[in-house]
Amino acid sequence: MSSSKLLKGSLATIILKLLEENEKMYGYEITQRVKEITAGEFKITEGALYPSLHKLEAEGLLSTETQMVENRVRKYYSLTKEGNAEAHTKVAELEDFLVNLQKLLNPKLGLG
Amino acid sequence: MKLSQEQHEQIVFHLQHLDIDSQELFEEFYDHIVSSYEKHLQVNPDLSLKSHIWDYLQPEFGGVGGFKDVIKKHEKTIAWNVSKKIVITALSAFKGKNLLYSAGVFLSTWGLMATSKNLTVMVGLIIACFCIPMTIVIKKHYQFKKSLRESNPGYYRNLRNGTIMLYTTLSLSTLYNLGHLVSKSLDSHAGFNHLYTQTALFQATLIGLAILYCYTMLTVMKHDFKTKLLTT
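One structure accompanies this document, and this report is about it.

### Considering the packing of aromatic side chains
Here a ring pair, both rings aromatic, is described through the centre-centre distance and the interplanar angle of the planes. For the structure on display, the rule yields 10 aromatic pairs over all chains. When the ring of B:Phe106 is compared with that of B:Trp110, the centres are 6.1 Å apart and the planes differ by 45°; the resulting orientation is tilted. Of this pair, B:Phe106 and B:Trp110 both sit in helix H5 (residues 97–116), 4 residues apart, roughly one helical turn. Every member of this aromatic cluster is reached through a ring pair, and the members are A:Tyr50, B:Phe29, B:Phe61 and B:Phe67. In this structure, A:Lys24 packs its charged tip against the face of A:Tyr76, placed 4.5 Å from the ring centre. The positively charged end of A:Arg74 is found above the aromatic ring belonging to A:Tyr26, 3.8 Å away from the centroid.

Printed below as a string of structure tokens:
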């Protein structure tokens with residue numbers, strides 16, 4: 001199974017986590033940071049990234065600001081107060097999920 | 001990286017070809033294309049922008065269908081977001097200190113209707129409350145269009161502006177239908193006739209709702225309606 005299918009459900013959490021660590025980021029930067037951290041193993045497609053960013057913005061979890069960069073407009077995303085709280089919750093949820101998944105996939109480790 | 005005029009036109013052509021005509025997506029994708037191209041040029045200095053767009057970026061977005069999907073989802077998100085903002089702004093009139101102002105406005109209109117007993121005052125106030133936001137939105141829309149004409153950025157609209165404008169101009173048809181409904185009810189229901197023409201509290205409620213609508217639309221417009229483009 002491709003990693004992109006597994007990534008889909010965790011995309012919002014990944015975005016929130018990255019923005020928690022970096023004050024503000026733009027779309028392309030997010031795709032590159034994921035690629036860089038995972039040494040190219042995970043790849044966020046633009047077709048999935050932008051709808052997710054726009055949805056998080058509409059939900060009030062992200063705020064945006066635009067800046068002129070080399071004669072073009074760049075849209076930066078950053079976490080709102082609610083987004084910050086949501087990032088903590090989502091990351092904790094995902095960590096719990098991964099621990100339980102590990103127990104299911106490798107029961108011996110879970111018992112130990 | 002500074003793009004040549006030809007490269008700029010290639011990106012604009014590509015985005016227009018994909019029906020990306022709103023400011024929000026156009027600016028974001030334009031920056032994405034240039035950032036991505038810059039990065040790839042570091043590895044392959046001979047890479048042409050055209051082949052980068054068609055051979056690399058287009059598949060990354062999931063082809064033409066992928067772009068269309070992003071556009072559709074974005075339009076839905078904006079419509080939902082503006083609607084949510086309108087509701088939150090309307091409800092904010094009843095929260096904290098604003099509740100005192102709202103109560104003050106309502107009591108004043110009630111007092112006005114009780115003393116004047118003049119239906120023309122009520123109808124005039126309601127029409128004004130519907131027409132003021134519409135007049136302002138048309139003026140702001142004109143300013144935005146003027147700004148577009150001056151800088152010719154390659155897109156023609158702003159989705160958020162369009163949604164706010166839709167809600168504001170819808171008020172005209174609402175007012176028309178409301179007037180039609182009221183006049184029909186006045187003829188056929190004596191009770192309603194009495195309520196409408198003689199009851200100051202009912203009249204003040206109608207005016208209050210119109211003022212709430214006017215306040216809501218003006219506040220949303222003030223914060224979300226773009227009239228100028230960001231330029232260097």
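### A closer look at unusual backbone geometry
Residue and element names in this part refer to chain B. Residues other than glycine seldom take positive phi values, yet Asp19 does so here, at roughly 65°. With respect to the helices and strands, the residue Asp19 is situated in the loop between helix H1 (5–17) and helix H2 (23–43). Judged by its relative accessible area of 47%, Asp19 is partly exposed. The phi angle at Asn152 is positive, at roughly 45°, despite the residue not being glycine. Along the chain, Asn152 turns up in the loop between helix H6 (119–151) and helix H7 (159–188). Judged by relative accessible area, Asn152 falls into the exposed class, the value being 61%.

### A word on the pairing of strand E1 (residues 62–69) of chain A
All names here are of chain A. In the sheet, E1 pairs with strand E2 (residues 72–79) via 8 bridges, with the strands oriented antiparallel. Looking across to E2, one finds that Leu62 is bridged to Leu79. Between E1 and the antiparallel strand that follows it, E2, lie 2 residues; Glu70 among them carries a positive phi value of about 45°.

Cut-offs used in this document
Residues numbered from 1 in each chain as written. Chains lettered and ligands numbered in written order. Predicted model: local features only at pLDDT ≥ 70, side-chain atom pairs only at ≥ 80, totals over all residues. Heavy atoms only, no water. Phe/Tyr/Trp six-rings, centres within 6.5 Å; stacked < 30°, edge-to-face > 60°. Helix = DSSP H or I, 4+ residues; strand = E, 2+ residues; numbered from the N terminus. Lys NZ or Arg CZ within 6 Å of the ring centre and 35° of its normal. Buried < 20%, exposed > 50% of the residue type's maximum accessible area, 1.4 Å probe, protein only. Pairing = 2+ DSSP bridges.

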